[in-house]
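# Structural description and commentary
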Amino acid sequence: MTRILCVAEKPSIAKAVAGHLSGGRYQTNNTRDMYIKNYSFDYDFGPPWGHSSVTMTAVKGHLTAVEFPADFKQWEYPPPDRLFDAPVMTDNKHIAKNIEDQARRSSVLVIWTDCDREGEHIGSEIREAAKKGNGQIQVKRARFSNVERAHILSAARRLVALDDRQVDAVSARIELDLRIGYAFTRFLTLNLRPLGGPMSQLTLSYDRYFRVKNFVPEAFWGIKVIHERDGIKVPFNWARHRLFDRMSVVILYERCLAARTAKVTKVQEKPTKKWKPLPLTTVELQKMATRFLRMTGQQAMTVAEKLYNKGFISYPRTETDRFDKGMNLRALVQKQTPDARWGAFAQNLVDGAFQQPRQGRHDDKAHPPIHPITYAAPQALADENERRLYELVTRRFLACCSEDAKGAATDVGIAYGDETFTAHGVIVLERNYLDVYPYENWTGTAELPRFTVGERFEPSEAMLTEGKTGPPGYLTEADLIALMDANGIGTDATMAEHIEKIQERQYARTVERGSAGGGGNGGDDDAEPPAARGGRGGRGEGAAVAGATRGGRGGRGGGRGGGGVREFIPTSLGVALIEGFDRMQFETSLGKPFLRKEMELKMKAICEGRTTKQVVLRESVGECCGRA
């Protein structure tokens, strides 16, 4: 009988996989580590090994840590530039000894680590530990995205080889992080010590902070027309929107008043729709959790990991926003019918309303989008955050499997004097996915009364409006995650860690929007005071950035989580560091996101076979030595 050693990335996964493969009939043996168990059972893997004797065990993340020798760890000597070509050594952890011992009695190693770059590298560490015990051991890896029984049994029959390109990419990143991080930290500590201590990596850029701080408001003027018909007040917006020359606007406004009547030039009615959301990715999960559940990105990932380990949701680290057409999504929807909150909606999908989810443009070829694997009743989840995040994942999945919301849109254009104005109205006819997805709304605008092309009317009101431009608000965590994603800072799985790190090191802090220490108006850049009265009875809107983007729109919902929106504000230490970097006048600024983005692109190139680990190490170290 073939002896097979299976190794998972964490103890909880090892226990779950052992339970599924053994049908719950396994023997448990302790190891030197109190959290690591060896589970023994028999399982039929099919050809070529057939019925086999299996030992299932685990590691706790990485088995090894890359370090400098002791004589390179002093702060004062050697100088930072020596670290770029200093020798490095690998430190084995004691958990590797258990794998080495079990490998001596096994002929096959099956790796059950997470199916991402980091998991592939951990798999290579497990492989190296096993080969120390048995140099001839055959190595395979299982590809899986959740711990549901049928999925695990299928993965056990479809074993593949480790992807050494991904291994090399992570290995290169680890070594570069060590060399550059040590050198950079030592450089800052020795040269900028008065600013408050060491720093190994700064992931925020402060462009938006300086935009807010240095913002100079400008006055602008505009024209707005309102006409009341059938008890409905219809606002018509000026095609020019606004001008920064008051006299020009006054002249145009007076011409409108002189014309007395407006002529309807366009009436367009057409069906419209609000697209249902794309399948859920890691980045989108973190953004939604920060907006609607008032969790940090790091908290959301921790909770998602727990739900995954318990078998309730699929693997939570994925860039994929499209489901494979072979997945039986209807069966997953069927599992949600018992719920009192969304069960009726799920049943309606099962009964014929099911629609195939939209196909996004991203597919990491490793994991499907995040989705519920099985139904979790509220009482099955003791932790409140687990219940809330599971609800978000489930509602998002059901919304993906529903129809787009449908409505009817009306656009009316008028000519008033020499100026053009437009009004827009929407009626929601079918809510569809919105019935199960409270994280979005489609209020649009009210239904417009009937207008006819060519008709003339005298507007009820004509307004000369006045306002000042305002600075953007600061970044919320959801905005920051989106900018990090756009600028290639970190991976979908590490962005939350980077955000946590800059707060731990006091480069930035979070405050309630609108509280003391905040900046910007938190709303539309074109916020306007009440209109002035006038006219014929008339009355005259680096990495990443530490200030906000779309102001108040970030709250598309105050959401269901309660609490205020929190914004990132740079600290004095963070601002001083950025200003110091800019004064160094390097060709590539250390305060911008370009270096980290370049690093991520190089890792991707290694994975795709367009370059090698050795080339990336040589080029990256050469660039840093040139700067040093």
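Report on the accompanying structure. (Residues numbered from 1 in each chain as written. Predicted model: local features only at pLDDT ≥ 70, side-chain atom pairs only at ≥ 80, totals over all residues. Heavy atoms only, no water.)

### Structural notes on the packing of aromatic side chains
Considering all chains together, one arrives at 15 aromatic pairs under this definition. Measuring from centroid to centroid gives 6.0 Å for Phe236 and Phe451, while their planes differ by 85 degrees, and the two rings are edge-to-face. Here Phe236, found in strand E11 (residues 232–238), pairs with Phe451, found in the loop between strand E14 (419–430) and strand E15 (456–457); they are 215 residues apart in sequence, far enough to count as distant. Of the two residues, Phe236 and Phe451, neither departs from the other in class, the shared state being buried. Ring-pair connections join several aromatic residues into one group, and the members of that group are Phe292, Tyr433, Tyr437 and Tyr439. The ring of Phe457 carries Arg229 above its face, with NZ or CZ at 5.8 Å from the centroid. A cation sits over an aromatic face here: Arg242 above Phe220, 4.9 Å from the ring centre. (Phe/Tyr/Trp six-rings, centres within 6.5 Å; stacked < 30°, edge-to-face > 60°. Helix = DSSP H or I, 4+ residues; strand = E, 2+ residues; numbered from the N terminus. Buried < 20%, exposed > 50% of the residue type's maximum accessible area, 1.4 Å probe, protein only. Lys NZ or Arg CZ within 6 Å of the ring centre and 35° of its normal.)

### Thoughts on unusual backbone geometry
Following Pro47, the chain continues into Pro48 via a peptide bond in cis, with omega recorded as 5 degrees. Inspection of the secondary structure puts Pro48 in the loop between strand E3 (37–44) and strand E4 (51–58). For Arg260, which is not a glycine, the phi torsion comes out positive at approximately 70 degrees. Among the structural elements, Arg260 can be located in the loop between helix H7 (246–259) and strand E12 (262–274). Notably, Asn432 is not glycine yet its phi reads approximately 50 degrees, a positive angle. Mapped onto the elements of the fold, Asn432 is located in the loop between E14 and E15.

### Focus: the nonpolar core
Counting residues in each nonpolar core, the largest one holds 72 residues, and the members touching the most others are Phe45, Met56, Trp112, Ile313, Leu389 and Leu398. When residues of this core are assigned to their parent elements, the largest contribution, 7 residues, is made by helix H12 (residues 384–400). Those residues within four positions of Ile313 in sequence are excluded, and the remaining contacts are Asn146, Ala304, Leu307, Tyr308, Ile370, His371, Pro372, Ile373, Tyr390 and Val393. (Core = buried A, V, L, I, M, F, W, Y, C linked by side-chain atoms within 4.5 Å. Contact = heavy atoms within 4.5 Å.)

### Here we look at the packing of helix H9 (residues 297–309) against helix H14 (residues 495–504)
At a minimum axis distance of 8 Å, the contact between H9 and H14 shows a crossing angle of 135 degrees. Regarding the angle of H9 to H14, the classification is oblique. Viewed along their axes, H9 and H14 form a crossing whose handedness is left-handed. Each of Gly297, Gln298 and Met301 in H9 lies in contact with H14, whose residues at this interface are Ala496, Glu497 and Glu500. (Axes fitted to C-alpha atoms, helices over the stretch in contact; angles between N-to-C directions. Parallel < 35°, antiparallel > 145°, perpendicular 65-115°, else oblique. Left-handed = near helix turned anticlockwise from the far one by under 90°.)

### Observations regarding the sheet that holds strand E1 (residues 2–8)
Pairing is mixed in the open sheet, where 6 strands are placed in the order E2-E3-E4-E1-E7-E8. Every interior strand has two partners, whereas the edge strands, strand E2 (27–30) and strand E8 (138–141), have only one. The sheet shows a mean angle of 25 degrees between the axes of neighbouring strands, taken without regard to direction. By the bridge criterion, 6 bridges tie E3 to E4 in an arrangement that is antiparallel. Considered in E4, the bridge of Phe41 is made with Val54. On top of the sheet, helix H3 (residues 117–133) reaches E1, strand E7 (108–112) and E8; it is set at about 155 degrees to E7, its chief contact. (Pairing = 2+ DSSP bridges.)

### Overview of the sheet that holds E11
With antiparallel pairing, the 7 strands of this open sheet are ordered in space as E15-E12-E13-E14-E11-E10-E16. For this open sheet the edge positions go to E15 and strand E16 (461–468), each flanked by a neighbour on one side alone. Examined bridge by bridge, E12 and E15 share 2 bridges and lie antiparallel to one another. Each residue of the ladder has a partner; that of Lys263, found in E15, is Arg456.

### Structural notes on the pattern of salt bridges
In the structure shown here, the tally under the stated rule is 33 salt bridges. One salt bridge in this structure joins Asp101 and Arg32, with 3.3 Å as the shortest N-O distance. Of this pair, Asp101 sits in helix H2 (residues 95–104) while Arg32 sits in the loop between E2 and E3; the two residues are 69 residues apart in sequence, bridging distant segments of the chain. Notably, a salt bridge pairs Glu118 with Arg173, separated by 3.0 Å at the nearest N-O pair. With Glu118 in helix H3 and Arg173 in helix H5 (residues 164–191), this residue pair connects regions lying 55 residues apart in the sequence. (Salt bridge = Lys/Arg side-chain N within 4 Å of Asp/Glu carboxyl O.)

### Examining the side chain of Thr410
Tracing the sequence through the fold places Thr410 in strand E13 (residues 405–416). Setting aside chain neighbours within four positions, we find Thr410 in contact with Gln268, Glu269, Ala423, His424, Gly425 and Leu448.

### Considerations on helix H16 (residues 594–607)
Because each turn of an α-helix spans 3.6 residues, side chains separated by three or four positions end up pointing in the same direction. The first and last C-alpha atoms of H16 sit 20 Å apart over 14 residues, in line with the 20 Å expected at 1.5 Å per residue. By the burial criterion, the buried members of H16 are Arg596, Met599, Glu600, Lys602, Met603, Ala605, Ile606 and Cys607. Backbone geometry just downstream of H16 places Gly609 in the positive-phi region, at approximately 80 degrees. (Expected span 1.5 Å × (residues − 1).)

### Brief notes about the pairing of E8
Covered by surrounding structure in E8 are Val139 and Arg141 only, the residues Gln138 and Lys140 on the alternate face being uncovered. Relative to E8, E7 runs parallel, the two sharing 4 bridges. Residue Ile111 lies in a different strand from E8, and its bridge partner there is Arg141. With H3 bridging E7 and the parallel E8, this β-α-β connection has right-handed handedness. (Right-handed = clockwise from strand over helix to strand, strands pointing away.)

### Regarding the layout of surface pockets
Taken as a whole, the second largest pocket holds about 670 Å³ of empty space. Together, 28 residues line the second largest pocket, and Ser145, His151, Asp324, Met327 and Pro368 are the ones closest to its centre. Put simply, the parts of the chain that give the lining of the second largest pocket at least two residues each are helix H4 (149–156) and helix H10 (329–334). Element by element, the count of residues in the lining of the second largest pocket is highest for H10, at 3 residues. (1 Å grid on protein atoms, 1.4 Å probe; cavity = no way out; pocket = protein on both sides within 12 Å on 5 of 7 lines; lining within 4 Å. Points joined across faces, edges and corners; volume = space filled by probe spheres on them.)

### Observations regarding the side chain of Gln102
Here Gln102 lies in helix H2. Among the residues examined, Gln102 registers a relative accessible area of 10% and is labelled buried. Discounting residues that sit within four places of it in the chain, Gln102 has contacts with Leu5, Asn38 and Thr55.

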